[in-house]
Amino acid sequence: MHKIALITGVSREMGLGYETAKQLKVLGFEVIITARDLEVARKLADSLGVSARQLDVSSDQSVGALANGLQTAFGRLDVLINNAGSYFDQGANPLTTDMAFVIEAFDTNLLGAWRMIQAFYPLLIKSDQPRIVNVSSGAGSFGDPVFGLAHHFSKVPVYGITKLALNGLTVKMATQFKEEKIKINEVDPGFTATYPGTEQWGARPVSEGAKGIVWAATLPQDGPSGGFFRDGKSLSW
Ligand SMILES: NC(=O)c1ccc[n+]([C@@H]2O[C@H](COP(=O)([O-])OP(=O)(O)OC[C@H]3O[C@@H](n4cnc5c(N)ncnc54)[C@H](OP(=O)(O)O)[C@@H]3O)[C@@H](O)[C@H]2O)c1
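A brief structural summary. (Residues numbered from 1 in each chain as written. Predicted model: local features only at pLDDT ≥ 70, side-chain atom pairs only at ≥ 80, totals over all residues. Heavy atoms only, no water.)

**Some words on helix H4 (residues 99–109)**
(1) Moving on: Looking only at H4, the buried set comprises Val102, Ala105, Thr108 and Asn109. Each buried residue of H4 lies within a common arc of 135° when the element is viewed along its axis, so the set occupies one face. Turned more than 90 degrees off the buried face of H4, the exposed positions are Met99 and Ile103.
(2) Moving on: Close packing links the buried residues of H4 with helix H5 (111–124) and helix H6 (157–176).
(3) Moving on: Looking at where H4 begins, the residue whose side-chain oxygen comes 2.9 Å from the main-chain nitrogen of Ala100 is Asp98. (Buried < 20%, exposed > 50% of the residue type's maximum accessible area, 1.4 Å probe, protein only. Helix = DSSP H or I, 4+ residues; strand = E, 2+ residues; numbered from the N terminus. Arc of directions from axis to C-beta. Contact = heavy atoms within 4.5 Å. Polar contact = N/O pair within 3.5 Å; in protein donor to acceptor, adjacent residues only side chain to side chain.)

Dropping the structure here:
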């Protein structure tokens, strides 16, 4: 029986979500990719030989409809990858940031993952080895010496704070799942070339960035939960 993996935020062939889907498919997963624009997701799904669904993680209605759809179609979910994330406010000044932008950023980057976990919990607990991967960033940590909150060379205040909060959500959910089979971890893919031209700034190939996400999605039963990882190695918060 194939394991079923659901990935949010897959709207670009260069993106981490697409590459993660590709790698999980190779491992034999039944992969469902999702995007706000269903036609976009369908085209990408066709090129991978996986299936596509519509999903806006900032919408309770959209999240609920997908959960109902997968409940009917499969009755369970093995892997949830909360990859959707945006609002990279390069160079922004937190003193003057538009609060509407801040609210939208939290609604997607933090609450999107939170909604998904709440909605898909009933399907995840039906799996033998349920795994949740929240795709975070060194920009949301204190420990990353380059991109970290206190050390970064680029300013991404709103993005960084949403990822900091996502890290907190992961820890709290892991505590909640302590007596259950579900493992939930935070993965930083590292600076990854998901946009043209970023290689020249040191971004690594997307195949490398996605490996750590796949690692956390396929953890064995004695694997970690509630941790923060890059390339399968523990990162400092
Ligand atoms: N690339 C890096 O160096 C890097 C480093 C650290 C962490 N990350 C994280 O990795 C993840 C993937 O990023 P990426 O670099 O692969 O870029 P990306 O392709 O732009 O991925 C972001 C995805 O999130 C989707 N999205 C935004 N708002 C959404 C919503 N409300 N509902 C559903 N989907 C939504 C976007 O879809 P639309 O096309 O509809 O906007 C897009 O598909 C993100 O969480 C990012 O923060 C990336």
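Read on, since the account is not over.
**With respect to a nonpolar patch on the surface**
(1) Moving on: A cluster of nonpolar side chains, contributed by Phe142, Ile161 and Leu164, occupies part of the molecular surface with about 270 Å² of accessible area.
(2) Moving on: If you trace the backbone, Phe142 turns up in the loop between strand E5 (131–135) and H6.
(3) Moving on: A relative accessible area of 51% places Phe142 in the exposed class. (Patch = residues over 30% accessible without salt bridge, like charges linked within 9 Å, V, L, I, M, F, W, Y side chains within 5 Å. Areas by Shrake-Rupley, 256 points an atom, 1.4 Å probe, with all protein chains shown as cover. Salt bridge = Lys/Arg side-chain N within 4 Å of Asp/Glu carboxyl O.)

**A few points about the nonpolar core**
When a protein is soluble and globular, its nonpolar side chains tend to lie buried together.
(1) Moving on: With 28 residues, the main nonpolar core has Ile7, Leu24, Val31, Ile33, Ile81, Val133 and Ile213 as its most contacted residues.
(2) Moving on: Elements supplying a minimum of two residues to this core: strand E1 (4–7), helix H1 (16–26), strand E2 (30–35), helix H2 (38–48), strand E4 (79–82), E5 and helix H7 (206–217).
(3) Moving on: Of all the elements, H7 adds the most residues to this core, at six residues.
(4) Moving on: Excluding anything up to four places from it in sequence, Ile213 contacts Leu16, Thr20, Ile81, Val133, Val135 and Val187.
(5) Moving on: Counting residues in each nonpolar core, the second largest holds 27 residues, with Ile4, Leu66, Ala67 and Leu77 among its members. (Core = buried A, V, L, I, M, F, W, Y, C linked by side-chain atoms within 4.5 Å.)

**Describing the site of the ligand**
(1) Moving on: The local shell around the ligand holds 27 residues, among which Ser11, Arg36, Tyr159, Thr194 and Tyr195 are the closest.
(2) Moving on: Between an oxygen atom of the ligand and a side-chain N or O atom of Ser11, the distance comes to 2.6 Å.
(3) Moving on: Taking a 2 Å distance to the grid points as the criterion, the majority of the atoms of the ligand fall inside the largest pocket. (Near = heavy atom within 4 Å. 1 Å grid on protein atoms, 1.4 Å probe; cavity = no way out; pocket = protein on both sides within 12 Å on 5 of 7 lines; lining within 4 Å. Sits in = over half its atoms within 2 Å of the grid points.)

In short, geometric facts, not functional conclusions.
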